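# Remarks on the overall topology
Single-letter residue listing:
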Amino acid sequence: VTGVSAAIGKEALALVGKSAEAITLLSPSGYIQVDGHRYEAFCQSGQAPAGSLLEIIGADNFRLIVTLQQPN
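Residues numbered from 1 in each chain as written. Predicted model: local features only at pLDDT ≥ 70, side-chain atom pairs only at ≥ 80, totals over all residues. Heavy atoms only, no water.

A full pass over the atoms with the stated rule returns 2 salt bridges. Its salt-bridge partner being D60, residue R63 comes within 3.0 Å of it at the nearest N-O pair. Residue R63 is classed as partly exposed on the basis of its relative accessible area of 24%. With relative accessibility at 32%, the residue D60 sits in the partly exposed group. (Salt bridge = Lys/Arg side-chain N within 4 Å of Asp/Glu carboxyl O. Buried < 20%, exposed > 50% of the residue type's maximum accessible area, 1.4 Å probe, protein only.)

Another aspect to go through is the nonpolar core. Counting 14 residues, the largest nonpolar core has L26, I32, L54, I56, L64 and V66 as its most contacted members. Looking at this core, the elements with two or more residues in it are β1 (19–22), β2 (29–34), β3 (37–43), β4 (53–59) and β5 (64–68). The residues contacting L26, other than those within four sequence positions of it, are Y31, I32, A41, C43, G46, Q47, A48, L54 and V66. (Core = buried A, V, L, I, M, F, W, Y, C linked by side-chain atoms within 4.5 Å. Helix = DSSP H or I, 4+ residues; strand = E, 2+ residues; numbered from the N terminus. Contact = heavy atoms within 4.5 Å.)

What follows deals with unusual backbone geometry. Between S27 and P28 the backbone carries a cis peptide bond, its omega angle lying at -10°. Mapped onto the fold, P28 is located in the loop between β1 and β2. We note that D35 has phi near 50°; this positive angle belongs to a residue other than glycine. D35 sits in the exposed class, given a relative accessible area of 55%.

Here's what the structure looks like:
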């Protein structure tokens, strides 16, 4: 095993409001990419297919909370 589990720290607050891309299906949990980094996320909107554009709206202990980004 090469990975570790760690709580997302205060740096997560700096991600709130940023755009992200789903790199796996979020059903409602999965993985997203933000600024070239991969994070575990929970989609408050329900399912989001891989490739979906998302907005980071919060964080809990171990993952970011996202919602589907609304089209302009």
